[in-house]
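Take a look at the letters that make up each chain.
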Amino acid sequence: MTTSAVFPAATAEQWRRLALAALRKSGAAAETATPDQVDDLLASVTYDGLRIAALHTAADLPGEFRYVREARAAGGWDIRQHHAGPEPGEIREAVLGDLENGVTSLWLAVGGHSLPPAALPEALDGVFLDLAGVVLDPGPEFVAAADAWFALLAARGVDPRQATGGLGADPLGWVAGTGDAAGLAGALRDAAGLAGRCVAEAPGLRAVTVDATVYHEAGGSDAEELGCAAAAGVAYLRALTDAGLPIEAALGQLEFRYAATADQFATIAKLRAARRIWAQVAEMCGAPDAGGQRQHAVTSAAMMTARDPWVNLLRTTLASFAAGVGGADAVTVLPFDHRLGRPDAFARRLARNTQILLVEEANVARVVDPAGGSWYVERYTEDLAHAAWDVFTGIEQAGGLAAALRSGLVADRIASTWERREANIAHRRDPITGVSEFPNLGEELPRRRPAPDRPGGGLPRRRYAEAFEALRDRSDAHLLATGSRPTVTLATLGSAAASGPRVTFATNLFAAGGIAVTTDPGSAVVCLCGPDKAYAQEAATTAVAAREAGAQRVLLAGRGDYPGVDGYVHAGGDAVAALTTVLADLGVQP
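Labelled according to an unreviewed UniProt entry, the protein appears under the name Methylmalonyl-CoA mutase, originating from Paractinoplanes tereljensis. The annotation that UniProt attaches to the protein under Subunit (unreviewed entry) is "Heterodimer of an alpha and a beta chain."

Now the structure itself:
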């Protein structure tokens, strides 16, 4: 007797009936709901409008597409550590420490307030340049940085053909981040010239970086990040081929940089979709066999928090795992103290060891495209690729990325996405652990030196936690000025057991704004906490008593319409707006 005869295959209809029973029991579905409504009740929608179903079947598997499952080189992905700072001696010490302890390539900020191009020899003294890949991040100084790099190779007697890494030319990324489009045409010609030099002298180097993290950090969605990256890549292909490079050579001169977030399945799908999109671009350019996309994934700076920064270790672990599973060729983990300034040696060690553990101990890199074949991931990849292609073609129809940046098309679209994301964060529908949820008012933050300034003026650099952390900053300033934190009095109604859940809710909510709580009277703001039954019996009289004791504003934890209550705080409400109002009521200056 076969197993299938004993255990007949379950059907989707059976699953829907069981799911509906659970939804009814939890109160998430009405008693009148039918199994046909279960899919809609459980589905979620991304910022790109993609519907993520709760149940996937074999019907969700799309057809095969080239390069979606492109394999990395044997041995896992490239563990790439980022370094930024103006002191070459300090950079050298950090670089050598990283390379001795498992890092396989370096990502160096050059120019501006970081390392001067002329200081590269000192910063890389002791580094075997034919073994360790070096990727430069030079901003507008990419020609000077490239010249300094080739001069260093010559001075060390290193054959440029043995060097690997990239020169980091990204004039469109500079325009997006700064708004400075002066000299763009010349910069594109310079980038094309560097690409030609790499093809002729150093085939292991890629001249151009398409840094899509600038669109992610502006608040963009995954499809917007991918669409802008494809548009930038196509603009660079035009510049390189106009300068005389064959299309196959031009395709080989680009590396793409994407943000990896703690939403692991979104990151996996994003990297897979990016490869599909670029393969389609290469095919349309007449070079289908050169459509493999070189990817550098960086853990998202937008998701990093300054408050409770240790939680960033969890975020970056998820993000780097997703980047590895998604097939990134190189991965950079930002240190947990990224938002606090320049990372120390311990933070850099944790960042590199996160990847080493994933590669060496968890064996994440041993399987090619481990998410491939998953009905969920395949459908997500397919839908995201189509959404991103629509963004890309919209930019192309507007005249290309430079024109879309100049007209505000890209900025306006991303701003619309950020507005929705910002609302979800404020209402705590997108919770941020340690900031909007489970904050620690008594934490002592590590002290770090300031990081080099980054130029602004173009697309904004958003941080998901910025609204809540601004409230915490106000509270800290108040504490420094007065010796005490702004404080709300919690007035409990009913028994301790009955009022406990709302006391916990209110305590955590106020802490997210840097506001302490007490049961002692005297605060200008009082919040009533108790069960609904006690509210019906005691809320009005308690509110009167609170005002007689000096309260200027009475809140209630929950929903309803009770006499004497000025406002309500509850799950799903706009926490940022509520906390801003409470701080003002407590006399805390903006």
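(A) Inspection of the overall build of the protein at higher detail. When helices and strands are counted, the protein shows 21 helices and 15 strands. Taking 25 Å as the expected radius of gyration for a compact globule of 590 residues, we find that the protein reaches 27 Å, a close match to that expectation. Taking the principal axes of its C-alpha atoms as reference, the protein extends roughly 85 × 75 × 50 Å. A total accessible area of about 25,400 Å² is found for the protein, and carbon and sulfur atoms account for 54% of it. Each charge class in the protein was averaged separately, 52 positive and 69 negative side chains, and the resulting centres sit 2 Å apart.

(B) Highlighting the UniProt feature "domain: Methylmalonyl-CoA mutase alpha/beta chain catalytic" (unreviewed entry) in the protein. Per the UniProt record, the feature "domain: Methylmalonyl-CoA mutase alpha/beta chain catalytic" (unreviewed entry) sits at residues 123–441. This span, residues 123–441, is 55% helix and 10% strand, and a straight line between its end C-alpha atoms measures 40 Å.

(C) Just the sheet that holds strand 12 (residues 516–518), in detail. Reading across from one edge, 12-11-13-14-15 is the order of the 5 strands in this open sheet, with parallel pairing throughout. Single-partner strands in this sheet number two, and they are strand 12 and strand 15 (567–569). On average, each strand axis in the sheet is inclined to that of its neighbour by 35°, with strand direction left out of account. With 3 bridges connecting them, strand 11 (residues 487–492) and strand 12 associate as parallel partners. For Thr487, the partnering residue across the bridge sits in strand 12 and is Ala516. Contacts between helix 19 (residues 496–512) and the sheet are confined to strand 11, strand 12, strand 13 (525–529), strand 14 (553–557) and strand 15, with strand 11 contributing the most and set at about 170° to the helix.

(D) The environment of Ser475, seen in detail. Its place among the elements puts Ser475 in helix 18 (residues 466–482). According to the relative accessible area criterion, Ser475 is buried, its value standing at 0%. The spatial distance from the C-alpha of Ser475 to the C-alpha of Ile515 is 6.9 Å, given a sequence separation of 40 residues. Each residue touching Ser475, except ones within four places of it in the same chain, is listed here: Arg485, Pro486, Gly513 and Gly514.

(E) Fine view of the packing of aromatic side chains. The final tally for this structure, using the stated rule, is 8 aromatic pairs. With a centroid separation of 6.4 Å and 20° between ring planes, the pair formed by Trp418 and Tyr464 is classed as stacked. Here Trp418, found in helix 17 (residues 409–426), pairs with Tyr464, found in the loop between helix 17 and helix 18; they are 46 residues apart in sequence, far enough to count as distant. The pair formed by Trp418 and Tyr464 is uniform in burial state, with each residue classed as buried. Site record: aromatic cluster; members linked through ring pairs are Phe256, Tyr258 and Trp278.

(F) Quick look at the nonpolar core. Trp149, Tyr215, Val410, Phe510, Cys527 and Leu528 are the most contacted members of the largest nonpolar core, which has 159 residues in total. Ranked by residues supplied to this core, first place goes to helix 10 (residues 222–242) with 13 residues. Apart from the residues within four sequence positions on either side, Cys527 is in contact with Val488, Thr489, Leu490, Ala491, Ala506, Phe510, Leu555, Leu556, Ala557 and Val569.

(G) Looking closely at helix 7 (residues 171–178). The element helix 7 is extensively covered by neighbouring structure, given that 7 of its 8 residues are classed as buried. When we look at burial in helix 7, the residues that qualify are Pro171, Leu172, Gly173, Val175, Ala176, Gly177 and Thr178. Looking at the buried positions of helix 7, the neighbouring elements they touch are helix 6 (142–156), strand 6 (165–169), helix 8 (184–201), helix 9 (213–217), helix 10 and helix 16 (401–407). Looking one or two residues past helix 7, Gly179 carries a phi angle of roughly 75°, positive in sign.

(H) Fine view of the sheet that holds strand 3 (residues 78–83). Read once around its circumference, the closed barrel built from 8 strands follows the order 3-4-5-6-7-8-9-10, with strand pairing classed as parallel. Averaged over all pairs of adjacent strands, the angle between their axes in this sheet comes to 30°, without regard to strand direction. For strand 3 and strand 4 (residues 105–109), the ladder comprises 4 bridges, and the chain directions are parallel. By the bridge assignment, His82 is partnered in strand 4 with Trp107. This element, helix 8, spans strand 6 and strand 7 (205–211) of the sheet and lies at about 145° to strand 7.

(I) Structural detail: the packing of helix 10 against helix 15 (residues 375–397). Between helix 10 and helix 15, whose axes approach to 7 Å, the crossing angle comes to 50°. With respect to helix 15, the axis of helix 10 lies oblique. Taken as a pair, helix 10 and helix 15 cross one another with a handedness that is right-handed. Only Leu384, Ala387, Ala388, Val391, Phe392, Ile395 and Glu396 of helix 15 make contact with helix 10, whose side of the interface consists of Asp222, Ala223, Glu224, Leu226, Gly227, Cys228, Ala230, Ala231, Val234 and Arg238. A per-class count over the contact of helix 10 with helix 15 returns 12 nonpolar, 1 polar and 4 charged.

(J) Region of interest: the pattern of salt bridges. Going through the model one piece at a time under the given rule, you end up with 34 salt bridges. A salt bridge links Arg294 to Glu255, with the nearest nitrogen and oxygen atoms 3.3 Å apart. Highlighted residues: Arg294 in strand 9 (residues 294–299) and Glu255 in strand 8 (residues 254–260), separated in sequence by 39 residues. Judged by relative accessible area, Glu255 falls into the buried class, the value being 6%. In the salt-bridge network here, residues are joined through shared partners; they are Asp78, Arg80, Glu255 and Arg294.

What counts as what
Residues numbered from 1 in each chain as written. Predicted model: local features only at pLDDT ≥ 70, side-chain atom pairs only at ≥ 80, totals over all residues. Heavy atoms only, no water. UniProt positions renumbered as here; feature names shortened; annotations may be inferred. Helix = DSSP H or I, 4+ residues; strand = E, 2+ residues; numbered from the N terminus. Rg over C-alpha atoms; globule rule 2.2 N^0.38 Å. Areas by Shrake-Rupley, 256 points an atom, 1.4 Å probe, with all protein chains shown as cover. Lys, Arg positive; Asp, Glu negative; His and termini not counted. Charge placed at Lys NZ, Arg CZ, Asp CG, Glu CD. Pairing = 2+ DSSP bridges. Axes fitted to C-alpha atoms, helices over the stretch in contact; angles between N-to-C directions. Contact = heavy atoms within 4.5 Å. Buried < 20%, exposed > 50% of the residue type's maximum accessible area, 1.4 Å probe, protein only. Phe/Tyr/Trp six-rings, centres within 6.5 Å; stacked < 30°, edge-to-face > 60°. Core = buried A, V, L, I, M, F, W, Y, C linked by side-chain atoms within 4.5 Å. Parallel < 35°, antiparallel > 145°, perpendicular 65-115°, else oblique. Left-handed = near helix turned anticlockwise from the far one by under 90°. Nonpolar A, V, L, I, M, F, W, Y, C, P; charged D, E, K, R; others polar. Salt bridge = Lys/Arg side-chain N within 4 Å of Asp/Glu carboxyl O.

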